[in-house]
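The chain contents come next:
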Amino acid sequence: MADPSNEATGIQVFLRIRPPNRDGDPSHYKRDDINLNLITFDLPKKNADETVNNARSCYSFEFGGGIIDERCTQREIFKTVGIPSIDNALAGYNSTIFAYGQTGSGKTFTITGGPERYGDRGIIPRSIAYLFKSIQSDEAQFEYKCFVSYLEIYNQSGYDLLTQKTQSASSFNSDS
């Protein structure tokens, strides 16, 4: 088990770049050569009516945890994100992996994996296997209790996808 005191503390934010569609062009972003945690998106200014478009088109973002490019495998993502989170949890720290993005951006694939190939397993199945392997090899013989929830936040409501209840688990509406 890794020593959490040697790891960066606090919230770590990672960016996973999804591979482009077959006809997609990945040239809309550029990684910085010096700061590997910095990425710049240069959005094309295309107007069908050929009018002047003075809107901002270049955006830069820095991700403290790192940027995981489109060539990265599910295994590498688990080694980068999953293992440190589980090791921290086993050391007694709260640990959460939160996937955020627009529809079709690859959140479900990253978290649960693909059904066709064993190598495409996502963070959840790999985490469960790693967690129980770590518990079995624990020589201190602690008693462990494991609870699993799989939350989805949609339209400001949270749902535990592992329960059979159809009602919202909680509401995140700031007006209430």
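Scroll up a little and you will see the structure.
Summarised in this report is the structure supplied together with it.

Cut-offs and rules
Starting from 1, residues in each chain are numbered consecutively following that chain's sequence as written. A pLDDT threshold of at least 70 governs which residues receive local features in this predicted model, and a stricter bar of 80 or more applies before side-chain atom pairs are shown or counted, although totals over entire chains, interfaces and linings include all residues. Each side-chain value is worked out from all heavy atoms of the structure, with water and hydrogens disregarded. Residues enter a patch when their relative accessible area is above 30% and they make no salt bridge; the linking distance is 9 Å between like charges and 5 Å between nonpolar side chains (Val, Leu, Ile, Met, Phe, Trp, Tyr). Accessible surface is estimated by sampling points in the Shrake-Rupley manner with a 1.4 Å probe; for residues, cover comes only from the protein chains shown. Note on definitions: salt bridges are taken to be side-chain nitrogens of Lys or Arg within 4 Å of carboxyl oxygens of Asp or Glu. Only DSSP runs of H or I with at least four residues qualify as helices, and only runs of E with at least two residues qualify as strands; both kinds are numbered from the N terminus onward. For the exposure calls, accessible area comes from a 1.4 Å probe over protein chains only, and a residue counts as buried if that area is under 20% of its type's maximum, exposed if over 50%, partly exposed in between. For two strands to be treated as a pair, DSSP must find at least two bridges joining them. Every axis corresponds to a line fitted to the C-alpha atoms, with the helix fit spanning only the stretch in contact, and the corresponding angles, defined between N-to-C directions, vary from 0 to 180 degrees. Centre distance within 6.5 Å is the pairing criterion for rings of Phe, Tyr and Trp, where only the six-membered ring of Trp is used; planes under 30 degrees apart are then read as stacked, over 60 as edge-to-face, and the remainder as tilted. Expected span of a helix: the number of residues minus one, times 1.5 Å. The arc under discussion is defined with respect to the helix axis, by the directions toward the C-beta atoms. Here a residue-residue contact requires only that any non-hydrogen atoms of the pair lie within 4.5 Å.

### Section: a nonpolar patch on the surface
Here is step 1: On the surface, Phe98, Tyr100 and Ile153 cluster together to form a nonpolar patch covering roughly 440 Å² of accessible area.
Here is step 2: The topology assignment puts Tyr100 in the loop between α1 (74-90) and α2 (107-112).
Here is step 3: A relative accessible area of 74% places Tyr100 in the exposed class.

### What to know about the sheet that holds strand β2 (residues 29-31)
Here is step 1: As summarised here, the arrangement of the three strands in space is β2-β3-β4, forming an open sheet in which the pairing is antiparallel. Across the chains shown, the open sheet's two edge strands, defined by having one partner strand only, are β2 and β4 (58-62). Averaged over neighbouring strand pairs, the angle between their axes works out to 20 degrees when direction is ignored.
Here is step 2: Both β2 and strand β3 (residues 38-42) contribute to a ladder of three bridges, which runs antiparallel. Looking at the pairing, Lys30 lines up with Thr40 of β3.

### Notes on the pattern of salt bridges
Here is step 1: Under the counting rule described, the total for this entry stands at two salt bridges.
Here is step 2: A salt bridge links Asp69 to Arg71, with the shortest nitrogen-to-oxygen separation between them at 2.7 Å.
Here is step 3: Overall, the relative accessible area of 17% leaves Asp69 in the buried class.
Here is step 4: The shortest N-O distance in the salt bridge between Asp120 and Arg117 comes to 3.0 Å.

### Let's talk about the packing of aromatic side chains
Any pair of aromatic rings gets described here by the distance separating the centres and the angle formed by the planes.
Here is step 1: One pass over the structure, following the stated rule, counts three aromatic pairs.
Here is step 2: When the ring of Tyr29 is compared with that of Phe41, the centres are 6.2 Å apart and the planes differ by 50 degrees; the resulting orientation is tilted. Here the residue Tyr29 occupies a position in strand β2, and Phe41 occupies one in strand β3, the gap between them amounting to 12 residues.
Here is step 3: For Tyr29, a relative accessible area of 16% translates into the label buried.
Here is step 4: Between Phe78 and Tyr130, the ring centres sit 5.9 Å apart and the planes meet at 75 degrees, which makes this aromatic pair edge-to-face. You can see Phe78 sitting in helix α1 and its partner Tyr130 sitting in helix α3 (residues 123-136), a full 52 residues away along the chain.
Here is step 5: The structure contains a cluster of three or more aromatic residues connected by ring pairs, namely Tyr29, Phe41 and Phe61.

### Observations concerning unusual backbone geometry
Generally, phi is negative for residues other than glycine and the peptide bonds are trans, each holding for most cases.
Here is step 1: At Asn155, a position not held by glycine, the phi torsion is positive, near 50 degrees.
Here is step 2: Take Asn155: it is sitting in the loop between β6 (151-154) and β7 (157-160).
Here is step 3: Even without glycine at this site, Gln156 takes up a positive phi of about 65 degrees.
Here is step 4: For Gln156, a relative accessible area of 47% gives the class partly exposed.

### A short note on α3
Here is step 1: Relative to the 20 Å expected for 14 residues at 1.5 Å per residue, α3 spans 20 Å between its end C-alpha atoms, a close match to the ideal helical length.
Here is step 2: Restricting attention to buried positions, one finds in α3 the residues Ile123, Arg126, Ser127, Ser134 and Ile135. Angularly, the buried residues of α3 cover 160 degrees about the axis, an arc narrow enough to put them on a single face. Exposed residues lying more than 90 degrees from the buried face of α3 are Lys133 and Gln136.
Here is step 3: Packed against the buried residues of α3 are α1 and α2.

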